[in-house]
Amino acid sequence: MPSQLRGRFITFEGGEGTGKSTQAAILADRLRAFGIGVRTTREPGGSPGAEIIRHVLLSGAAKPLGVHAEAILFAAAREDHVRHTIEPALKKGLWVICDRFADSTRVYQGALGNVDGRVIKRLERIAVGSLKPDLTIVLDLPVEAGLARAAQRNAAARRDRFEEEAIDFHRKLREAYRDIAEQEPDRCVVIDAGKDIGIVADAIWAVVNARLRPAEAPLVIEDVAP
Ligand code: Z5A
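This write-up is about the structure you can find in this document. (Residues numbered from 1 in each chain as written. Predicted model: local features only at pLDDT ≥ 70, side-chain atom pairs only at ≥ 80, totals over all residues. Heavy atoms only, no water.)

**Here we look at the nonpolar core**
Judged by nonpolar contacts, the single largest core of 24 residues is most densely connected at Ile10, Phe12, Leu27, Ile137 and Ile204. Looking at this core, the elements with two or more residues in it are strand S1 (9-14), helix H1 (20-33), strand S3 (95-99), strand S4 (135-140), strand S5 (188-192) and helix H8 (197-212). When residues no more than four places from it in sequence are discounted, the contact partners of Leu27 are Ile10, Phe12, Ile97, Ile204, Trp205 and Val208. Ala71, Val96, Cys98 and Ala102 belong to the second-largest nonpolar core, a separate cluster that totals 17 residues. (Core = buried A, V, L, I, M, F, W, Y, C linked by side-chain atoms within 4.5 Å. Buried < 20%, exposed > 50% of the residue type's maximum accessible area, 1.4 Å probe, protein only. Helix = DSSP H or I, 4+ residues; strand = E, 2+ residues; numbered from the N terminus. Contact = heavy atoms within 4.5 Å.)

In structure tokens form, the structure reads like this:
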């Protein structure tokens, strides 16, 4: 298939409660309103095999195995997700919007879990091959505000394995995401997630327009009100 017909790949990254799921859904709706085919997905998970691994990871069942085993499981889930969901969708010309991707492993298992950077890189290579997001939106929010949002949402629900980490962990997490964005400015854009949902969505829309409006496509995104 000619490369210009391939879809675009957008990932959302950031700490707890920064609004990734909320903003991924809004962006998908806006793109669909322009007739762009969109496949929304998430990690860990996003394919039948990866969803099984998601359950193992988020239930905490893999925690006793240690950080290396968890990193391997995230990579295994990602490989399945890329092969069965992301690549086929991109080949069909769909835009894929993914709630978390490889940066989450770099941050959680690498920067925070202290898994050696070379191991993280190798696992990433095995899992994603040459696939790279066209755009990564990093939602940035003071840690306390993010945790308060997540706590509110989860008031009645059990906290998962990763939400039980200490607040200092989440501060380091925020820094690690900012570091990635600084190192890869061509791919990553940091968005202030502390504003109202609509304002954050507009900021993301502006970035998508500026970075991904396909010159060859019939749609002129900026001319139509979302
Ligand atoms: N993990 C890993 O370690 N390694 C990896 O490679 C991968 C993942 C891929 C997945 O958890 C966990 O796996 C994650 C990292 C680890 N753990 N943690 N912690 P998950 O999929 O269950 O959840 P999550 O990815 O952490 O996302 P989240 O907690 O669901 O947060 P969110 O998606 O960023 O936020 P949200 O659900 O859109 O919004 C949270 C609440 O805030 C909700 O009530 C919204 O209505 C509200 N909200 C959203 N935006 C706003 C604004 N702008 N103002 C006010 N309120 C807002």
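Resuming the write-up.
**Let's talk about the pattern of salt bridges**
Tallied over the entire structure, the rule returns 18 salt bridges. As a salt-bridge pair, Asp29 and Arg32 come within 3.8 Å of each other at their nearest N and O atoms. Here the residue Asp29 and the residue Arg32 both occupy positions in helix H1, the gap between them amounting to three residues, near one helical turn. Between Glu43 and Arg78 there is a salt bridge whose closest N-O contact spans 2.6 Å. Residue Glu43 is located in the loop between strand S2 (38-42) and helix H2 (48-58), and its partner Arg78 is located in helix H3 (residues 67-91); the two are separated by 35 residues in the primary sequence. In this pair, the class of Glu43 matches that of Arg78, namely buried. Among the ionic contacts, a cluster of salt bridges with common partners joins Asp103, Arg106, Glu124, Glu184 and Arg187. (Salt bridge = Lys/Arg side-chain N within 4 Å of Asp/Glu carboxyl O.)

**What to know about the site of the ligand**
Neighbouring the ligand are 28 residues; Lys20, Thr22, Arg100, Thr105 and Arg153 lie closest to it. With respect to the ligand, the side chain of Glu16 contributes an N or O atom lying 2.7 Å from an oxygen atom. A distance of 2.5 Å separates an oxygen atom of the ligand from a polar atom in the side chain of Thr105. Out of a free accessible area of 1,100 Å², the ligand has 85% covered by protein chains. At the level of elements, H1, H2, H3, helix H4 (102-112) and helix H6 (143-153) are the ones that each hand at least two residues to the shell around the ligand. It is H4 that contributes the most residues to the shell around the ligand, four residues altogether. Residue composition of the shell around the ligand, grouped by class: seven nonpolar, nine polar and 12 charged. (Near = heavy atom within 4 Å. Polar contact = N/O pair within 3.5 Å; in protein donor to acceptor, adjacent residues only side chain to side chain. Areas by Shrake-Rupley, 256 points an atom, 1.4 Å probe, with all protein chains shown as cover. Nonpolar A, V, L, I, M, F, W, Y, C, P; charged D, E, K, R; others polar.)

**Overview of the sheet that holds S4**
The five strands are arranged S2-S3-S1-S4-S5 in an open sheet whose pairing can be described as parallel. The strands lining the two open edges of the sheet, one partner per strand, are S2 and S5. With strand direction ignored, the average angle separating the axes of adjacent strands in the sheet is 20 degrees. Note that S4 and S5 share five bridges and pair parallel. Residue pairing in the sheet places Asp140 in a bridge with Asp192 of S5. Those strands touched by H3 are S1, S2 and S3, and its axis lies near 160 degrees from that of S2. (Pairing = 2+ DSSP bridges. Axes fitted to C-alpha atoms, helices over the stretch in contact; angles between N-to-C directions.)

**A few points about the pairing of S3**
With five of its five residues buried, S3 lies for the most part within the structure. On S3, burial covers both faces: Trp95, Ile97 and Asp99 on one face and Val96 and Cys98 on the other are all buried. As defined by bridge partners, S1 adjoins S3 across four bridges and the pair is classed as parallel. Of the residues in S3, the one forming a bridge with Ile10 is Ile97. In the sheet, S2 pairs with S3 via five bridges, with the strands oriented parallel. Of the residues in S3, the one forming a bridge with Arg39 is Val96.

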